[in-house]
Amino acid sequence: MKSLERLVLKHLRTVVAPSLDPLQFAYQPRIGVEDAIIFLLPALLSSKLLDMQVDAPLVSWITNYLTARPQYVKLQNNTSDIILSSTGAPQGTVLSPFLFTVYTSDFRHCSHSCHLQKFSDDSAIVGCIIRDQEAEYRSVVDSFVECEKIPELEKELVDLKSPSAEDISRVLDSYQNQSALGADKPFVLEQHMSDINRLFSSSSVEGIVQNLKAEGSEFANTQAKTLSRMSPTSLKITYRQLQAGAALSLQDVLVMEYRLSQACMRGCDFYEGVRSVLIDKDQNPKWNPSTLEEVSEESVEQCFSSLGEKDLML
């Protein structure tokens, strides 16, 4: 049976590939979640497969594969009655994980400031909320519940008798809370935003440091002092990383950051930082190179170069 499943999977991957969510990181080649419990509704999956241009006979075969599966429990010499299951997907099979990926592929959101990323059935909204700017994040979810009320919500949902979609929506709506948590706390950098935008808008790290020193304000002097303690190489790598990452997809960013992690391990400043903070604890690292001017553009560029066969594959 698994040989047949592998043939179906190979064909199915080719057909539905353009419709898959690139931010679903489980169930990829060489990446699995073997113990995951997969839940899906075959009828809804069939509709999605047809929308993805999977031919009707194959959709019919997949529906048959998932429905009316006989199941029973055996404990020593006792065997339960047989029931037919038509929800979920059989565990330990080749096809089920990929079918779940297809099933959840249209549950997605991605913009410059916010994206929904998934690993199997775990989903997370990722981004940066600045003060009250939460409209986009709230639009991604149907209901919002404060974390301390989750156990109470779970109990009420479990206690529902033969719940309908309307019953569940009613309970969720009752817990809906357009949270004001943190609204009374001012954004700590708000008073400095104009200075940050102006002083950090230089085209180089050297230019930023020069701007801070020339400004002479308490805020600028504090930032200049902080930067002066950091690894010059790391400062230039970080500056380049922020510039490049703004225009990359999440997958490309992960590849870039893996390359940078390997570059830092090849260098010496990471080890020197660990020595000064954790081993000798003298808080006096000796960076090499020791100044921004000594860090060449070529050495920074090399940190972002492809690792060939050792590159991160997603």
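This text goes with the structure placed above it.
Just so it is clear, the structure is predicted and the values come from calculations on it, not from any experiment. (Residues numbered from 1 in each chain as written. Predicted model: local features only at pLDDT ≥ 70, side-chain atom pairs only at ≥ 80, totals over all residues. Heavy atoms only, no water.)

## Side note on helix 9 (residues 205-215)
For the record, the criterion: Relative accessibility thresholds used throughout: buried, under 20% of the residue-type maximum; exposed, over 50%; partly exposed, between the two (1.4 Å probe, protein chains only). Secondary structure follows DSSP: runs of H or I at least 4 residues long count as helices, runs of E at least 2 residues long count as strands, and numbering of each begins at the N terminus. Residues count as neighbours in contact if any of their non-hydrogen atoms are within 4.5 Å of one another.
Within helix 9, the full set of buried residues consists of Val-205, Gly-207, Ile-208, Val-209 and Leu-212. Elements in contact with the buried residues of helix 9: helix 8 (193-199), helix 10 (218-228) and helix 11 (232-245). Just downstream of helix 9 lies Gly-216, where phi reads positive at about 75 degrees.

## Focus: the packing of helix 1 (residues 2-16) against helix 4 (residues 95-103)
Going by this rule: Convention adopted: a line fitted to C-alpha atoms gives each axis, helices being fitted over their contacting stretch, and angles between N-to-C directions are expressed from 0 to 180 degrees. Under this scheme an angle from 65 to 115 degrees is roughly perpendicular, one under 35 degrees roughly parallel, and one over 145 degrees roughly antiparallel; angles in between are oblique. The sense of a crossing depends on the near helix, which, turned anticlockwise from the far helix by less than a right angle, makes the crossing left-handed and, turned clockwise, makes it right-handed. Residue polarity is assigned by list, with Asp, Glu, Lys and Arg as charged and Ala, Val, Leu, Ile, Met, Phe, Trp, Tyr, Cys and Pro as nonpolar; anything else, Gly included, falls into the polar class.
Contact geometry for helix 1 and helix 4: axes closest at 10 Å, N-to-C directions at 20 degrees. Taken as axis vectors, helix 1 and helix 4 run roughly parallel relative to one another. In the crossing of helix 1 with helix 4, the sense of the turn from one axis to the other is left-handed. Contacts between helix 1 and helix 4 involve Glu-5, Val-8, Leu-9, Leu-12, Arg-13 and Val-16 on the former and, on the latter, Leu-95, Phe-98, Leu-99 and Val-102. A per-class count over the contact of helix 1 with helix 4 returns eight nonpolar, no polar and two charged.

## Quick look at the packing of aromatic side chains
The following threshold applies: Aromatic pairs are defined between Phe, Tyr and Trp rings, using the six-membered ring for Trp, whenever the two ring centres lie within 6.5 Å; interplanar angles under 30 degrees are classed as stacked, those over 60 as edge-to-face, and all others as tilted.
Overall, the coordinates contain two aromatic pairs when judged by the stated rule. An angle of 10 degrees between the planes, with centres 5.5 Å apart, marks the rings of Trp-61 and Tyr-65 as stacked. Remark: Tyr-65 and Trp-61 occur in helix 3 (residues 56-66); sequence separation between them is four residues, near one turn of the helix. When the ring of Phe-270 is compared with that of Tyr-271, the centres are 5.5 Å apart and the planes differ by 80 degrees; the resulting orientation is edge-to-face.

## Regarding unusual backbone geometry
Note the cis peptide between Asn-288 and Pro-289, where omega equals 0 degrees. Within the secondary structure layout, Pro-289 lies in the loop between helix 13 (269-279) and helix 14 (297-303). One non-glycine residue, Gln-53, lies in the positive phi region at around 70 degrees. Relative to the elements of secondary structure, Gln-53 occurs in the loop between helix 2 (42-51) and helix 3. Residue classification places Gln-53 among the exposed residues on the basis of a relative accessible area of 65%. In this structure, Gln-283 takes a positive phi of about 55 degrees despite not being glycine. One can find Gln-283 in the loop between helix 13 and helix 14. Take Gln-283: its relative accessible area is 55%, and that puts it in the exposed class.

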